[in-house]
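Tertiary structure, described
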Amino acid sequence: MAKNEQTAENAQLKDIIAHAKEYGFVYPSSEIYDGLQAVYDYGAYGVELKNNLKRLWWETMTRLNDNIVGIDAAIFMHPTTWKASGHVDSFNDPMIDNKDSKKRYRADVLIEDKAAAYENAGDKERAQQLLSAMGRLLEAEDLAGVRDLIVNEEIKCPISGTSNWTDVRQFNLMFSTQVGSVAEDASTIYLRPETAQGIFVNFLNVQKTARMKVPFGIAQIGKAFRNEIVARQFIFRMREFEQMEMQFFVRPGTELDWYKQWAETRMKWHKALGIPEEKLRRHDHEKLAHYANAAMDIEYQFPFGFKEVEGIHSRTDFDLKSHQEYSKKKQQYFDPEINQNYIPYVIETSIGADRLFLMTLCNAYVDEEVDGKQRTYLKFHPAVAPVKAAILPLTKKDGLPEKAHEIVEALKYDFNIIYEEAASIGKRYTRQDLIGTPFCIAVDHQTLEDNTVTIRHRDTTEQERVAIADLHGRLAEACSFRRVFERV
Ligand code: GAP
């Protein structure tokens, strides 16, 4: 990306962040105390949008697939879980401190930024060489070599402007805390860094109690925590975030077919939600984690470039096997079709609810000039829009508010509806555009005569006259998840 293009893209992210705060989507956490880095709160419309996205994912998984069921596991788990999963020993990022500014950085991110600078200056080859050199050093766990690379590349701390670096050290990303009174038998436990392990340790519980047969899946939505050192790009990388993960248990040897199938299904889901094909791309991992035999990301073109929204991994039998080893409890499944016991292989689909939210917001944000006037609106798919319709009496008198309230009563049990009577109708339309309400329903004097209203459509601003009796059906049709499901 050329430098001026990059600046425009960053400006767009800034606009989106400002919009999210101004119109009740996302605020910095504990803002009155100047916020807490990489932690955010969702406002009145943000929470509705996020809940809709989570419900859409949940229902796609558990309703469209009769062989997937859900669970809700606790955030705290027995600490041995994280030994077995490998997180205690290897869930690390390489860190480096600048001795002058006392600021801590991820060593790999400093080098990636330098590579991006080469690329922006048109030197793609040098950028690639640098990234390859870093990859080799990290692979060999040569942290002294990583430091040398930073020094040789003359990478400076953006705060102090010096290259007075400490050694590079591995830094574990898990947050820990104590159970029990610290004075007594305190023991260290972790805030889960992924929800997946709650599914793995419950694999047999769910299989038996829900009477599932391989192939089957377990879905879960829940909080995860990572002590991310580099907190950037708004809610893209947070310390407290939500994951939506599904582990699909399959017969060994069939996993790569299932992997292919899930990769296609998940890509279709993003497109069904209205994300344009050219803004999505598939990134196949060349270097695989030790437990995986295939892995890919679905990336979206954020204002700061193509970045991962969802990961799809073929995790072999690594997790269940490791839990069997550490717990000494068999994690086998008896397959009646082939009369064999085995530890199933697992395909994982894992998407961050916050990243999905950010992608949806970026994709919906429209700031355009129409007839010499600037117009900003959020073109959410009606199925996930925070508010489905605003009911707006033209004036505050002549019985129009009463008629409008009747319409609210008729719709509010099935749809999130707003009633507004303050300000001119034009200003009220604009307010709804800014929070992405797909339909504005105006109640005027004609309504009192013939029980019709005007529907104003957010994206086109076109208006049409509709009978009040048809409103429920119109909203149900436009906002139904079926609209998305049918395209998956
Ligand atoms: N169980 C596999 C797993 O956790 P991951 O690639 O580390 O894999 C999966 O995370 C998804 O979780 C990512 O694709 C992203 O959407 C989301 N995610 C990961 N770290 C995050 C963070 N710090 N902030 C927000 N979302 C995050």
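Residues numbered from 1 in each chain as written. Predicted model: local features only at pLDDT ≥ 70, side-chain atom pairs only at ≥ 80, totals over all residues. Heavy atoms only, no water.

Quick reminder of the rule: UniProt positions are given in the numbering used here, feature names are shortened, and annotations may be inferred rather than shown by experiment.
With an unreviewed UniProt entry as reference, the protein chain is termed Glycine--tRNA ligase, source organism Arthrospiribacter ruber. As recorded by UniProt, the Function (unreviewed entry) comment attached to the protein chain reads in full: "Catalyzes the attachment of glycine to tRNA(Gly)." Turning to the protein chain, the UniProt record has this under Sequence similarities (unreviewed entry): "Belongs to the class-II aminoacyl-tRNA synthetase family."

Let's talk about the site of the ligand
Here is the rule we go by: Residue proximity to a molecule or strand is established when one non-hydrogen atom of the residue lies within 4 Å of it. Think of a polar contact as two N or O atoms within 3.5 Å of one another; within protein, one of them needs to be a possible hydrogen donor and the other a possible acceptor, and neighboring residues in sequence only count if both atoms come from side chains. Accessible areas in this description were obtained via Shrake-Rupley with a 1.4 Å probe; residue shielding takes into account the shown protein chains only. The secondary structure listing takes helices from DSSP runs of H or I that are at least 4 residues long and strands from runs of E that are at least 2 residues long, numbered from the N terminus. Under this grouping Gly is polar, as are all residues other than the nonpolar Ala, Val, Leu, Ile, Met, Phe, Trp, Tyr, Cys and Pro and the charged Asp, Glu, Lys and Arg.
Not every one of the 20 residues close to the ligand is listed here, only the nearest: E194, R226, E245, E308 and V309. A distance of 2.9 Å separates a nitrogen atom of the ligand from a polar atom in the side chain of E228. Burial of the ligand by the surrounding chains reaches 91%, relative to a free accessible area of 550 Å². Only strand 10 (240-250), strand 13 (305-314) and strand 16 (345-352) provide two or more residues apiece to the shell around the ligand. Its residues assigned to classes, the shell around the ligand shows six nonpolar, four polar and ten charged.

Some details on the nonpolar core
Convention followed: The set of buried Ala, Val, Leu, Ile, Met, Phe, Trp, Tyr and Cys residues whose side-chain atoms join them within 4.5 Å is what this entry labels a nonpolar core. Partly exposed describes any residue whose relative accessible area lies between the buried limit of under 20% and the exposed limit of over 50%, with all areas from a 1.4 Å probe on protein chains only and scaled to the type maximum. Marked domain ranges trace back to an automatic or database domain assignment.
Counting 69 residues, the largest nonpolar core has F25, W57, F302 and F357 as the members making the most contacts within it. Both domains that meet at this core, namely domain 1 (3-80 + 190-362) and domain 3 (380-487), each give it at least three residues. Listed in part, the 20 residues of the second largest apolar core include A115, A133, L149 and W165.

Considerations on the pairing of strand 10
We apply this condition: Between any two strands, pairing holds if DSSP finds at least two bridges.
In terms of burial, strand 10 is largely enclosed, as ten of its eleven residues are buried. In the sheet, strand 9 (residues 216-225) pairs with strand 10 via ten bridges, with the strands oriented antiparallel. Paired with I221 across the two strands is M244, which belongs to strand 10. Here eight bridges tie strand 10 to strand 16, and the two strands are oriented antiparallel to one another. Paired with Q243 across the two strands is G352, which belongs to strand 16.

What about the domain arrangement of the protein chain?
A common measure of how large an interface is: the accessible area buried when the components associate. Our working rule: A 1.4 Å probe defines the accessible area here, and the buried area is the portion of it lost by two parts on being joined, summed over both. We define a salt bridge as a contact between a side-chain nitrogen of Lys or Arg and a carboxyl oxygen of Asp or Glu at a distance within 4 Å.
Each assigned domain of the protein chain is listed here: domain 1 (3-80 + 190-362), domain 2 (92-172) and domain 3 (380-487). Between the C-alpha centres of domain 1 and domain 2 the distance comes to 28 Å. Of the roughly 700 Å² buried between domain 1 and domain 2, counting both surfaces, carbon and sulfur atoms make up 54%. Of all residues in domain 1, I229, V230 and R232 bury the most surface against domain 2, accounting for 55% of the area lost on that side. Our enumeration of links across domain 1 and domain 2 arrives at zero salt bridges. Counting across the interface, domain 1 meets domain 2 through zero residue pairs in polar contact (both at pLDDT 80 or more). For the side of domain 1 that touches domain 2, the residue count by class is two nonpolar, two polar and three charged.

Things to note about the environment of V387
Put simply, the test is: Only heavy atoms matter for contacts: two residues are in contact if any of them lie within 4.5 Å across the pair.
Mapped onto the elements of the fold, V387 is located in the loop between strand 18 (373-378) and strand 19 (389-393). A C-alpha to C-alpha distance of 7.9 Å links V387 and I435, two positions 48 residues apart in sequence. Aside from chain neighbours lying at most four places away, what touches V387 is Y45, N416, I417, I418, I435, G436, T437 and P438.

Here we look at unusual backbone geometry
Residue P215 is reached from V214 by a cis peptide bond, and omega for that bond is 5°. By secondary structure assignment, the location of P215 is in the loop between helix 9 (203-209) and strand 9. Positive phi values are uncommon outside glycine, yet N451 reaches one of about 55°. Among the structural elements, N451 can be located in the loop between helix 15 (445-450) and strand 22 (452-457). Phi is positive for T461, close to 60°, though the residue is something other than glycine. Assignment of secondary structure puts T461 in the loop between strand 22 and strand 23 (463-467). Its relative accessible area of 35% is what places T461 among the partly exposed residues.

Comments concerning helix 7 (residues 143-152)
We apply this condition: Directions from the helix axis toward the C-beta atoms define the arc.
Three or more residues of helix 7 are buried, namely L143, G145, V146, L149 and I150. Seen along its axis, helix 7 keeps its buried residues to an arc of 155°; they face one direction. The exposed set on the far side of helix 7, more than 90 degrees from its buried face, consists of A144 and N152. For helix 7, the secondary structure elements touched by its buried residues are strand 4 (92-97), helix 5 (107-120), helix 6 (124-139) and strand 6 (169-172). Immediately beyond the C-terminal end of helix 7, within one or two residues, lies E154, with a positive phi of roughly 55°.

What to know about the sheet that holds strand 20 (residues 417-419)
Just so we agree on the cut-off: A fitted line through C-alpha atoms serves as each axis, taken over the contacting stretch for helices, and the angle formed by two N-to-C directions is quoted from 0 to 180°.
On the basis of which strands lie adjacent, the open sheet formed by five strands has the order 20-19-21-22-23 and mixed pairing. Looking at the sheet topology across the chains shown, the edges are occupied by strand 20 and strand 23. When strand polarity is set aside, the average angle formed by the axes of neighbouring strands in this sheet is 25°. Relative to strand 23, strand 22 is paired through five bridges, and the arrangement is antiparallel. Its bridge partner being in strand 23, T452 is matched across the sheet by A467.

Focus on the pattern of salt bridges
With the rule as written, the count across this model stands at 32 salt bridges. Here D459 ties to R458 by a salt bridge, and the two come within 2.5 Å at their closest N and O atoms. One continuous salt-bridge network, built from bridges that share partners, spans K50, K54, E242 and D354.

With respect to the sheet that holds strand 3 (residues 68-70)
On the basis of which strands lie adjacent, the open sheet formed by seven strands has the order 3-9-10-16-13-12-11 and mixed pairing. A strand with exactly one partner marks an edge of an open sheet, and here the two such strands are strand 3 and strand 11 (280-284). Between one strand axis and the next, the sheet turns through 25° on average, direction left out of account. One ladder, built from five bridges, connects strand 13 with strand 16; its direction is antiparallel. By the bridge assignment for strand 16, E310 is matched with I351. Across the sheet, helix 2 (residues 44-64) is in contact with strand 3, strand 9, strand 10 and strand 16; its angle to strand 9 comes to roughly 160°.

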